[in-house]
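Inside the fold
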Amino acid sequence: MKTIAALLGMLLLAGYAYCQNIPPREWQIKTALMAVPEEYRDAAKVYGYDAMGNFTTLREGNNAYIALADDPSIENFSTAAYHKSLDPFMARGRELRSEGKDFKQVFDIREAEVRDGKLSMPERATLCVFTGTVDKESGEIKDPYLRYVVYIPFATGESTGLPTTPTPPGHAWLMDPGTHRTHIMISPPKSN
């Protein structure tokens, strides 16, 4: 009986310790919105994590943007925001990753589903990715950096005139050309 009680106690402590790693709801919302263009922040929907680490809606929204809070299970800080037309695509990716699928499997499954018409992909939509370093004491984000992704499914270098390699650095280029997740990468130079 003492062994069972000790195990239960350890499980409760482990659960409590895990919950302590989930940032407060307000901080998740504030930092997720950093990825949203300023004019859309007030009414954007925000997804994040509850006290147990479950993915959930932190705030409802009523405009074209959805923001994603930083995933506390991943070491580096990163938030994102995307046009609501990308939500089925993004949700499907989260679902497949929760099933243990790796990047290639997720890519291949979504590629087949988009081509078969089972998964909707907009003709064009924007994703903004915001990264930085969290100051452990203040919670502020240091060295902020924002890059842009414009999805244009099945486009190619020939159909857009864009290069398909990231050269020269800092210029727009086409990633994953000819696929469901073809996108224009725009990574501005980082300031010193």
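Quick summary incoming for the structure in this document. (Residues numbered from 1 in each chain as written. Predicted model: local features only at pLDDT ≥ 70, side-chain atom pairs only at ≥ 80, totals over all residues. Heavy atoms only, no water.)

**Side note on the packing of aromatic side chains**
The description of an aromatic ring pair rests on the distance of the ring centres and on the angle between the ring planes. Going by this rule: Only Phe, Tyr and Trp rings are paired, with Trp represented by its six-membered ring, and only when their centres lie within 6.5 Å; those with planes under 30 degrees apart are stacked, over 60 edge-to-face, the remainder tilted. Going along the chain from the N terminus, every DSSP run of H or I of four or more residues is numbered as a helix, and every run of E of two or more is numbered as a strand. Think of it in three bands: with a 1.4 Å probe and only protein chains considered, a residue is buried below 20% of the maximum accessible area for its type, exposed above 50%, and partly exposed in between.
What the rule picks out here adds up to seven aromatic pairs. Measuring from ring centre to ring centre gives 5.0 Å for Tyr40 and Tyr65, while their planes differ by 35°; the resulting arrangement is tilted. Of this pair, Tyr40 sits in the loop between α2 (25–32) and β1 (45–49) while Tyr65 sits in strand β3 (residues 65–68), and the two are 25 residues apart along the sequence. Overall, Tyr40 belongs to the partly exposed group, its relative accessible area being 32%. Residue classification places Tyr65 among the buried residues on the basis of a relative accessible area of 8%. Measuring from centroid to centroid gives 5.7 Å for Phe89 and Tyr151, while their planes differ by 65°, and the two rings are edge-to-face. Of this pair, Phe89 sits in helix α3 (residues 87–98) while Tyr151 sits in strand β6 (residues 141–151), and the two are 62 residues apart along the sequence. For the pair Phe89 and Tyr151, one class covers both residues: buried.

**Some details on the pattern of salt bridges**
Here is the rule: For this analysis, a salt bridge means a side-chain nitrogen from Lys or Arg found within 4 Å of a carboxyl oxygen belonging to Asp or Glu.
With the rule as written, the count across this model stands at 11 salt bridges. Between Glu140 and Lys30 there is a salt bridge, with the nearest N and O atoms lying 3.2 Å from each other. With a gap of 110 residues between them, Glu140 in the loop between β5 (125–134) and β6 and Lys30 in helix α2 connect regions that are remote in the sequence. For Glu140, a relative accessible area of 38% gives the class partly exposed. We classify Lys30 as partly exposed; its relative accessible area is 41%. Measuring nitrogen to oxygen at the nearest pair gives 3.5 Å for the salt bridge that ties Glu99 to Lys101. Residue class for Glu99 comes out partly exposed when judged on its relative accessible area of 47%. The partly exposed category is assigned to Lys101, whose relative accessible area is 28%.

**Observations concerning the sheet that holds β6**
Applied cut-off: Here, any two strands with at least 2 DSSP bridges between them count as paired. Between N-to-C directions, angles cover 0 to 180 degrees, with each direction set by a line fitted to C-alpha atoms, over the stretch in contact for helices. Note on contacts: a residue pair is in contact if any heavy atoms of the two residues lie within 4.5 Å.
One open sheet holds the eight strands; their spatial order is β2-β1-β3-β4-β5-β6-β8-β7, and the pairing between them is mixed. Here the strands that pair on one side only, and so sit at the sheet edges, are β2 (55–59) and β7 (173–175). Direction aside, neighbouring strands of the sheet carry axes that sit 25° apart on average. For β7 and strand β8 (residues 183–186), the ladder comprises three bridges, and the chain directions are antiparallel. Residue pairing across strands places Met175 opposite His183, the latter belonging to β8. Along the sheet, α3 contacts β1, β2, β3, β4 (77–83), β5 and β6; its crossing angle with β4, the most-contacted strand, is approximately 140°.

**Here's the deal with the nonpolar core**
We count it as follows: Among the buried residues, those of types Ala, Val, Leu, Ile, Met, Phe, Trp, Tyr and Cys that are joined through side-chain atoms within 4.5 Å form a nonpolar core.
Residues Tyr82, Leu86, Phe89, Met90, Met121, Leu127 and Tyr151 are the most contacted members of the largest nonpolar core, which totals 18 residues. Secondary structure elements with two or more residues in this core: β3, β4, α3, β5 and β6. Not counting chain neighbours up to four residues away, the residues in contact with Tyr82 comprise Tyr47, Ala64, Tyr65, Ile66, Leu68, Asp87, Met90, Arg94, Thr126 and Leu127. Listed in part, the 17 residues of the second largest apolar core include Ile29, Ala44, Ala69 and Phe77.

**Quick word on the pairing of β6**
Taken together, the nine bridges between β5 and β6 define a ladder with antiparallel strand orientation. What sits directly across from Cys128, in β6, is Tyr148. Taking the residues that link successive antiparallel strands as the turn, the β5-β6 hairpin has six residues, and the phi of Gly139 there is positive, at about 80°. Where β6 lies against β8, four bridges are found, and the strand directions are antiparallel.

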